[in-house]
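One-letter residues, chain by chain:
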Amino acid sequence: MKPLTALFLFCSLVIILACDKEDHNELKYVAQVIGQNQDCGEFTIQFISGMDEIKEKIGSSVIENLYIAKNLPDELKTSDILIRLDCRKPTSNELGICTTMGSSLTWVFITAAEKK
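None of these values were measured; they are calculated from a predicted model.

## Observations regarding the environment of Pro 73
- Counting through the fold element by element, Pro 73 comes out in the loop between strand E3 (66–70) and strand E4 (82–88).
- As a C-alpha pair, Pro 73 and Ile 110 span 37 residues in sequence and 8.5 Å in three-dimensional space.

## Examining the pattern of salt bridges
- For the structure on display, the rule yields 6 salt bridges.
- The salt bridge partner of Glu 53 is Lys 28, with a shortest N-O separation of 3.3 Å. In this pair, Glu 53 is assigned in helix H2 (residues 51–57) and Lys 28 in the loop between helix H1 (2–18) and strand E1 (29–36), connecting sequence segments 25 residues apart.

## Observations concerning the packing of aromatic side chains
- One pass over the structure, following the stated rule, counts 2 aromatic pairs.
- Measuring from centroid to centroid gives 6.0 Å for Tyr 29 and Phe 47, while their planes differ by 90°, and the two rings are edge-to-face. Of this pair, Tyr 29 sits in strand E1 while Phe 47 sits in strand E2 (residues 43–47); the two residues are 18 residues apart in sequence, bridging distant segments of the chain.
- A residue is classified by how much of its surface remains accessible, and Tyr 29, at 1% relative accessible area, is buried.
- Residue class for Phe 47 comes out buried when judged on its relative accessible area of 3%.
- Each ring, one from Phe 47 and one from Tyr 67, has its centre 5.4 Å from the other, and the planes form 80°; the classification is edge-to-face. Of this pair, Phe 47 sits in strand E2 while Tyr 67 sits in strand E3, placing them 20 residues apart in sequence.
- For Tyr 67, a relative accessible area of 1% puts it in the buried group.
- Put simply, the rings of Tyr 29, Phe 47 and Tyr 67 touch in pairs and so form one group of aromatic residues.
- Sitting over the face of the ring of Phe 109, Arg 88 holds its NZ or CZ atom 4.1 Å from the ring centroid.

Reading the values: the criteria
Each chain carries its own residue numbering, running from 1 in the direction its sequence is written. Thresholds applied to this predicted model are a pLDDT of at least 70 for local features of residues and 80 or more for the giving and counting of side-chain atom pairs; totals over whole chains, interfaces and linings are not thresholded and use all residues. Heavy atoms from the whole structure form the basis of all side-chain values; hydrogens and water molecules are not counted. Counting from the N terminus, the helices are DSSP H or I runs at least four residues long and the strands are E runs at least two residues long. A pair is scored as a salt bridge if a Lys or Arg side-chain nitrogen falls within 4 Å of a carboxyl oxygen belonging to Asp or Glu. Between 30 and 60 degrees the pair is tilted, below 30 it is stacked and above 60 it is edge-to-face, where a pair is any two Phe, Tyr or Trp rings, Trp via its six-membered ring, whose centres lie within 6.5 Å. Here's how the labels work: a residue is buried when its accessible area is under 20% of the maximum for its type, exposed when over 50%, partly exposed in between, all with a 1.4 Å probe on protein chains only. Should the NZ of a Lys or the CZ of an Arg lie within 6 Å of a ring centre and within 35 degrees of the ring normal, that charge is described as sitting over the ring.

Dropping the structure here:
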């Protein structure tokens with residue numbers, strides 16, 4: 001019975017250690033929330049890391065590293081905070097309507113984000 005108990009304890013330990021760990025590796029990029037964009041009401045973010053990959057994945061923006069963040073969680077809609085995020089290029093039906101009063105920034109769709 002001791003080998004069976006040891007096997008049970010070992011399996012339980014492996015399961016406990018494998019569960020409920022946050023994996024920050026899936027949130028690839030770091031950005032700063034700049035504030036609400038006056039032209040379209042969405043928040044603007046400025047990427048701090050992964051700029052080359054973002055430009056390749058999403059496209060470059062008119063103002064270096066500034067993007068309109070579609071789908072930014074409400075709890076992160078605060079100016080001047082740093083966030084970790086993953087994103088993709090938005091589909092055409094995910095783009096919003098903006099006035100042409102300011103710079104036409106490139107849109108990015110946030111797939112996951114958390115406060116850094």
